[in-house]
Amino acid sequence: MLNWEEVGGGGAWTGWGSPWKGPDGALGAPLVSASSVHGPGARTTVPRTEMPSKHQIMSLWGLVSQMPPEKLQRLYVDFPHHLRHLLGDWLENQPWEFLVGSDVFCHNMASTLLSATVQHLQASARKQGEGSAILQHISTLESIYQRDPLKLVATFRQILQGEKKAVMEQFRHLPMPFHWKQEELKFNTALQRLQHRVGEIRLLQETLQQGTEAGQVSLHSLIQTPANGTEQSEALASLLQDTVGELEAVQALVLKRIQIWKRQQQLAGNGAPFDESMTLLQERCESLVDIYSQLQQEVGAAGGELEPKTRAALISRLDEVLRILVTSSFLVEKQPPQVLKTQTKFSAGVRFLLGLRFLGASAKLPLVRADMVTEKQARELSMPQGPGAGAESTGEITNNTVPLEISVSGNCCSALFKNLLLKKIKRCERKGTESVTEEKCAVLFSTSFTLGPNKLPIQLQALSLPLVVIVHGNQDNNAKATILWDNAFSEMDRVPFVVAERVPWEKMCETLNLKFMAEVGTNQGLLPEHFLFLAQKIFNDNSLSIEAFQHRSVSWSQFNKEILLGRGFTFWQWFDGVLDLTKRCLKSYWSDRLIIGFISKQYVTSLLLNEPDGTFLLRFSDSEIGGITIAHVIRGQDGSPQIENIQPFSAKDLSIRSLGDRIRDLAQLKNLYPKKPKDEAFRSHYKHEQIGKDGRGYVPAIIKMTVERDQTIPTPEPQMSTTVPTYDLGMAPDSMTMRISPDMVSQVYPPHSHSIPSYQALPLEESVNVLRSFQEPHLQMPNLSEMNLPFDQPHPQGLLPCQPQEHAMSSPESLLCTDVTMGENSCLNQPVGGFTQGTWVGEDMFPPLLPPTEQDLTKLLLEGQGESAGGSLGAQPLLQHSSYGQSGISMSHLDLRANPSW
C-alpha cells in the first residue's frame with residue numbers, strides 16, 4: 001500500500017505499466033586499443049539513463065554489486081572475486097562475448113585484451129591502495145594467461161553470462177545502457193573482423209603473385225588450410241566468398257539499427273525520448289562502403305585466379321550489398337506533422353547518409369520531390385516490384401521540390417522543405433465504419449541519380465510516418481487518437497500501415513503514461529491507482545483489483561469509437577481533455593503531487609467520509625471533458641458527514657482565477673487529503689494580490705470565488721426589482737440565445753441591494769451580445785464598462801432553458817493560465833500529503849518492466865504533440881438538480897455564481 005506523501009522523485013520509473021526511459025546519449029563503450037585489429041568508430045561514450053532505484057545504476061556491475069556475495073560465489077572460481085571488483089564495469093565494456101573461435105583475429109584480439117586487463121587491474125589496485133600481494137597476484141595471472149589468451153576470453157565470457165543470469169533472476173531486467181553497449185561492441189568487433197579479412201585477402205593475392213615457398217607457408221598459417229593442402233586459387237575464392245558473407249551479415253546489423261532508429265523516431269511522436277543524431281548511422285554506412293570498395297578491388301585484381309562463374313557471383317553479391325545499403329540510407333530526418341491540416345504550411349526534411357560519398361563531386365545535385373500517397377499506394381511501394389517515382393499523388397502539395405545540399409561543416413547531405421502546403425486531399429474509399437480521421441496517408445520523398453562510371457541509375461524513396469489529413473480543427477482530437485495508436489502499437493517492417501486492432505492493457509498503460517508525461521512536461525507519471533481508475537472507465541468494469549485488468553486487452557473501438565456509458569464522448573476524448581487542461585493550467589500542481597486526479601467519485605467518498613470537516617482533494621471530472629473538481633467534507637444539517645463536489649473548473653475558468661487562488665478563497669477548505677494544511681500545500685501557487693492603490697492611483701478590484709450551498713428559492717415578486725442580478729459565469733456556446741421570463745428571472749436572481757445605471761447608458765458595441773438575451777423592457781443592466789471583467793465570456797449557462805446537447809470539441813489555442821505559478825525546480829521534490837498508509841498500492845510493490853533482450857532489439861530498445869481539442873458539455877436544463885455545490889466568483893459587491901446545472 002502507498003502513502004501519498006511518499007510519492008515523489010523524478011525517476012524514469014513511474015509506476016505499474018510505465019516504460020523505462022531510453023538512452024539519451026551516444027551509444028557504445030570504449031574498446032581496447034589494438035594496432036592491427038582496431039576498427040574505426042571503436043571509441044564512443046556511454047549513454048546516461050535513469051533506472052528505477054534511488055541510485056543511478058548505469059551498468060551490469062552496478063546491479064551485481066548490490067547483490068548478496070553468496071549468490072555469485074560460484075562464478076569466481078577461475079578468476080578471484082576481489083580482482084573482479086577491481087575491474088568493475090570496465091569488464092562489460094569489452095567484446096568478450098563476440099570473440100568466438102580460435103582464428104588469428106580472435107587470438108590477436110585476446111592478446112590485446114589480456115594486456116589491457118592487466119594494466120587496468122594494476123591501475124585500480126594502486127588507486128585503491130592495495131598492497132604488493134595483490135600486484136603479485138595480478139602478475140601471476142598474467143603469466144598464466146599469456147600462454148593461452150583465449151582462455152581468459154572464455155573465463156570472462158562465462159563470468160559475464162553468469163552475472164547477467166543472476167541479475168535477471170533478482171531484478172528481472174538488465175540496464176538499458178548495457179544492451180546498447182553490447183550492440184555497439186558486436187558491430188565494432190564484426191567490422192574489425194572484416195578489416196582483418198580484407199588484409200588476409202590482400203596478403204594472399206601477393207602470395208599468389210610471388211609464388212614463393214615462403215609465401216605458401218604464410219598462406220597456410222593465415223587461412224589455416226587442412227594438412228593435405230588446398231589449391232591457392234581455390235583458397236582465394238573461398239576466402240573471398242566467406243568475406244562477402246561476413247559483409248552481408250554486418251550490413252544486416254546496420255539495416256537493423258536503421259530500423260530501430262526509425263521506430264524510435266515514431267515512438268518519439270508519443271513522447272518517448274529520442275536521440276535524433278544520425279552521425280552514428282552515417283559512420284556505419286560509410287565504413288561498410290569502404291569495405292565494399294576494397295573487396296570490389298580485390299575481386300577485380302584476382303582476374304584469372306577465379307573461375308568466371310565464381311567471379312560473376314561475387315560481383316553480383318557485392319552490387320546487391322551496395323544497392324541495399326544506398327537505398328536504405330535515404331531517411332526522413334524531420335517528419336511532417338502527423339496530424340496535417342489542409343491549407344496550413346509545414347516543413348519536413350530528408351537525409352542521404354551516403355550522399356557525401358556518392359554526390360560530393362557532382363556538379364549538379366539531384367532534386368527531391370514530396371508527394372502525398374494513400375495507404376494503398378504505400379503498400380505498393382513496399383513491394384519488391386512496387387511503382388517507381390511516378391506514383392500518383394493523392395493530394396496537391398505546393399513548394400514540393402528542393403535540391404539535395406552538401407554541408408561539409410555538418411558532414412551531411414540533406415534536403416529541407418521549409419514551406420510545404422497541402423492545398424487539397426483526394427480521399428480514398430474507406431473500410432467499413434472507418435471515418436476520415438482514421439484514414440492514414442504518408443508523404444513520399446523521392447529522388448534519382450546515376451552512380452559510378454557505368455552510370456548505374458539509382459532511385460531513392462523514403463516514406464514519412466503515417467499521418468492523418470484534416471480539414472477542420474474539430475477533427476484534430478480523433479486524428480490524434482489514430483496517430484497515437486499507430487505510433488504505439490505498429491511493428492517494424494510492417495505492411496503499411498497495418499496495426500493491431502487489440503493490444504494488451506499493460507501496453508496501453510505504458511502509452512498513456514508516456515503521452516501524459518511528455519504532453520504535460522512533467523517527471524511525475526501516472527500511478528497504479530490511476531491505471532485502475534482508467535481501466536474501470538474504459539472497460540466499464542468496477543473491479544477493485546489492479547490484477548483484474550493486467551491480462552486484459554483493449555480494442556481500438558473501446559479507445560476512441562465507442563461512447564462511454566452514460567457520457568457523450570469516447571475514452572480518448574475524455575483523456576485528451578485531461579491532458580489539455582493539465583498542460584495549460586495544472587502542470588505545477590500535478591508535479592507537486594497536489595492532484596490525485598484519476599479517481600472516481602465513489603472512491604473519493606470512501607476516502608473522505610471519515611475525515612474531519614474541510615478535508616478536500618482534487619480530481620478530474622468524470623463526466624465533463626477537461627474539468628477538475630474539488631471534493632470536500634462538510635456536515636449536513638443532521639451533523640452527519642457529507643461529501644460535496646464543487647462544479648468542475650475548465651481551462652477557461654482557471655484563466656480567470658487560478659486553481660490555487662480559488663482554493664485560498666474557500667475558507668471551508670482546510671486540509672489537503674489526508675492532513676496537509678492547504679496553505680502549506682498551495683502557498684507557492686497563490687498569486688500575490690496588490691494591497692493599496694496601484695501606480696495610476698486606482699484601488700484594485702479583486703475577483704474571488706464563493707460556493708453556495710443549496711438554498712430555498714425565494715418567492716417570485718410580481719415585478720422585477722431594478723437592482724443588479726447575480727451573474728452566472730458558466731460556459732455556454734456564444735451562439736445560443738438566452739430566453740427568460742419575468743417570473744423565472746425573479747426565481748434565479750434574488751433582489752440585490754445595489755442600484756445600477758440605466759440600460760440605455762450601455763455603448764452599442766458592449767450591448768450587442770446582451771440585447772437578445774434579455775427581452776423584458778423593464779430589466780436594467782449595469783454599465784459593463786465599470787466592471788473589470790472579461791465580457792468576451794459566453795452567455796451565462798444557468799439562464800439557458802434548453803436541453804443537453806452532445807459534446808462539441810473545441811480548441812481555444814490562445815487561452816493560457818498566466819496567473820499559475822510554475823515553480824518546477826522548487827516543487828518537484830517537495831513532499832506532499834496524500835493517501836494514508838494502507839489505502840493505495842505502492843509503486844515499489846510491482847516489478848519493473850523488462851527492457852528488451854539483445855534478440856529483442858528489433859522490437860526496439862524501449863520507449864506529441866499536437867493541439868489538444870477540448871470543450872465543455874452542452875447546456876443543461878435550468879435549475880436542474882445537482883450533486884455539486886454552486887461555485888461562483890465575486891468582485892467587490894457582485895456575487896457571480898457559477899452554473900447551478902452541475
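Residues numbered from 1 in each chain as written. Predicted model: local features only at pLDDT ≥ 70, side-chain atom pairs only at ≥ 80, totals over all residues. Heavy atoms only, no water.

**Section: the pattern of salt bridges**
Point 1. Enumeration according to the criterion identifies 35 salt bridges in this entry.
Point 2. The partner of Glu92 in a salt bridge is Lys181, with the nearest N and O atoms 3.3 Å apart. In this pair, Glu92 is assigned in the loop between α2 (81-87) and α3 (104-127) and Lys181 in helix α6 (residues 176-210), connecting sequence segments 89 residues apart.
Point 3. Via salt bridges that share partners, Asp103, Arg193, Arg197, Glu200 and Glu246 belong to a single interconnected network. (Salt bridge = Lys/Arg side-chain N within 4 Å of Asp/Glu carboxyl O. Helix = DSSP H or I, 4+ residues; strand = E, 2+ residues; numbered from the N terminus.)

**Re the nonpolar core**
Point 1. Formed by 70 residues in total, the largest nonpolar core has its most connected members in Phe352, Met372 and Phe445.
Point 2. Counting 62 residues, the second-largest nonpolar core is a separate cluster that includes Phe559, Phe571, Val578 and Tyr589. (Core = buried A, V, L, I, M, F, W, Y, C linked by side-chain atoms within 4.5 Å. Buried < 20%, exposed > 50% of the residue type's maximum accessible area, 1.4 Å probe, protein only.)

**Notes on unusual backbone geometry**
Point 1. The omega angle of the peptide bond from Pro496 to Phe497 is -20°, so this bond is cis rather than trans.
Point 2. Here Phe497 is to be found in the loop between α13 (476-489) and β12 (502-504).
Point 3. Of the consecutive residues Tyr673 and Pro674, the connecting peptide bond is found in the cis state with omega at 5°.
Point 4. If you trace the backbone, Pro674 turns up in the loop between β17 (671-672) and β18 (676-677).
Point 5. Backbone geometry at Asn399 places phi at a positive 55°, although glycine is not the residue there.
Point 6. For Asn399, the location among the structural elements is in the loop between β5 (395-398) and β6 (401-403).
Point 7. Of note, the phi angle at Asn411 is positive, near 55°, even though the residue is not glycine.
Point 8. With respect to the helices and strands, the residue Asn411 is situated in the loop between β7 (405-407) and β8 (412-425).

**A short note on the pairing of strand β16 (residues 641-646)**
Point 1. Inspection of the sheet shows strand β15 (residues 628-635) paired to β16 by five bridges, in the antiparallel sense. When the bridges of β16 are listed, His632 appears paired with Glu644.
Point 2. The loop that links β15 with its antiparallel partner β16 comprises five residues; one of these, Gly639, has a positive phi angle of about 85°. (Pairing = 2+ DSSP bridges.)

**As for the packing of aromatic side chains**
Aromatic ring pairs: the centre-centre distance and the angle between the two ring planes describe each pair.
Point 1. Applying the stated criterion across every chain, the model contains 28 aromatic pairs.
Point 2. With a centroid separation of 5.9 Å and an interplanar angle of 20°, the aromatic rings of Phe575 and Phe598 are classed as stacked. Pair noted here: Phe575 is in helix α18 (residues 571-591) and Phe598 is in the loop between α18 and α19 (601-608), with a separation of 23 residues, a long-range link. This pair shows no difference in class: Phe575 is buried, exactly as Phe598 is. (Phe/Tyr/Trp six-rings, centres within 6.5 Å; stacked < 30°, edge-to-face > 60°.)

**Quick look at the sheet that holds β6**
Point 1. The strand order across the open sheet formed by four strands is β6-β4-β9-β10, and the pairing between neighbours is antiparallel. On the outer flanks of this sheet lie β6 and β10 (456-463), each paired with one strand and no other. For this sheet the average axis-to-axis angle between neighbouring strands, irrespective of direction, equals 30°.
Point 2. Sheet topology places strand β4 (residues 367-374) next to β6; three bridges connect them, and they run antiparallel. (Axes fitted to C-alpha atoms, helices over the stretch in contact; angles between N-to-C directions.)

**Topic: the environment of Ile595**
Point 1. With respect to the secondary-structure elements, Ile595 resides in the loop between α18 and α19.
Point 2. Among the residues examined, Ile595 registers a relative accessible area of 0% and is labelled buried.

**Structural notes on α19**
Point 1. Within α19, the full set of buried residues consists of Val604, Leu607 and Leu608. Each buried residue of α19 sits inside an arc of 80° when the element is viewed along its axis, so together they form one side.
Point 2. Where α19 is buried, its residues touch β14 (615-620), β15 and β16. (Arc of directions from axis to C-beta. Contact = heavy atoms within 4.5 Å.)

**Topic: the confidence of the model for the protein**
Point 1. Chain-level pLDDT for the protein is 75 on average; 69% of the residues reach the 70-or-more range.
Point 2. Taken together, the stretch residues 212-220 has pLDDT below 50 and engages in 12 contacts with residues farther than four places along the chain or on a different chain.
Point 3. Here residues 711-816 is a poorly scored stretch, pLDDT under 50, and it has 189 contacts once near neighbours within four places are set aside; other chains count. (pLDDT = per-residue confidence, 0-100.)

**As for the side chain of Gln558**
Point 1. With respect to the helices and strands, Gln558 occurs in helix α17 (residues 556-560).
Point 2. Ignoring anything within four residues of it in the chain, the contact list for Gln558 reads Arg502, Ile538, Phe539, Ser553 and Phe571.

**Topic: the packing of α3 against helix α5 (residues 149-171)**
Point 1. Two numbers describe how α3 lies on α5: the axes approach to 8 Å, and their chain directions differ by 75°. Judged by the inter-axis angle, α3 sits roughly perpendicular to α5. Contact residues: Cys106, His107, Ala110, Ser111, Leu114 and Thr117 in α3; Pro149, Leu150, Leu152, Val153 and Phe156 in α5.
Point 2. Counted by class, the contact of α3 with α5 contains eight nonpolar, three polar and no charged residues. (Parallel < 35°, antiparallel > 145°, perpendicular 65-115°, else oblique. Nonpolar A, V, L, I, M, F, W, Y, C, P; charged D, E, K, R; others polar.)

**Considerations on the state of the cysteines**
Point 1. In this structure the tally under the stated criterion is zero disulfides.
Point 2. There is no disulfide at Cys412, and the cysteine sulfur nearest it, in Cys413, is 7.6 Å away.
Point 3. Among the residues examined, Cys412 registers a relative accessible area of 13% and is labelled buried. (Disulfide = S-S within 2.5 Å.)

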